[in-house]
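Here's the letter readout for the chains.
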Amino acid sequence: DPTRQVATVSVSLEGWEPVDVAAVLDSSFGIAVRSGLHCAPLAHRTLGTFPRGTVRLSAGCFTTNDDVDQALAALRKLAGSAA
């Protein structure tokens, strides 16, 4: 049932380490994410993101469209600058 599913997205920003993206999203924007290999190092080898990993955003049942828009705006802002 698609209405009962949630989205998980992993991203990388050029010029940024995933751990730094996660720290800035938390400290500057109040957005909690997870950085790293997400217990899937072989998947990251396949994707070419090993050993740095990615930043994972997971929407939940209480995530609003505004929350998603704020996360996208924060990522756009970070992508426009270097760490």
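Residues numbered from 1 in each chain as written. Predicted model: local features only at pLDDT ≥ 70, side-chain atom pairs only at ≥ 80, totals over all residues. Heavy atoms only, no water.

A. Molecular detail of the environment of glutamine 5. Checked against the element boundaries, glutamine 5 lands in the segment before strand E1 (8-11). Residue glutamine 5 is classed as exposed on the basis of its relative accessible area of 56%. Distance in space between the C-alpha atoms of glutamine 5 and glycine 60 is 8.7 Å, their sequence separation being 55 residues. (Helix = DSSP H or I, 4+ residues; strand = E, 2+ residues; numbered from the N terminus. Buried < 20%, exposed > 50% of the residue type's maximum accessible area, 1.4 Å probe, protein only.)

B. Quick look at the sheet that holds E1. The antiparallel open sheet is built from 3 strands, whose spatial order is E1-E3-E2. The sheet terminates laterally at E1 and strand E2 (34-36), the two strands that pair on one side only. Within the sheet, the average angular offset between the axes of one strand and its neighbour, ignoring direction, is 25°. Direction of pairing for E2 relative to strand E3 (residues 54-58): antiparallel, over a ladder of 3 bridges. What sits directly across from serine 35, in E3, is valine 55. (Pairing = 2+ DSSP bridges. Axes fitted to C-alpha atoms, helices over the stretch in contact; angles between N-to-C directions.)

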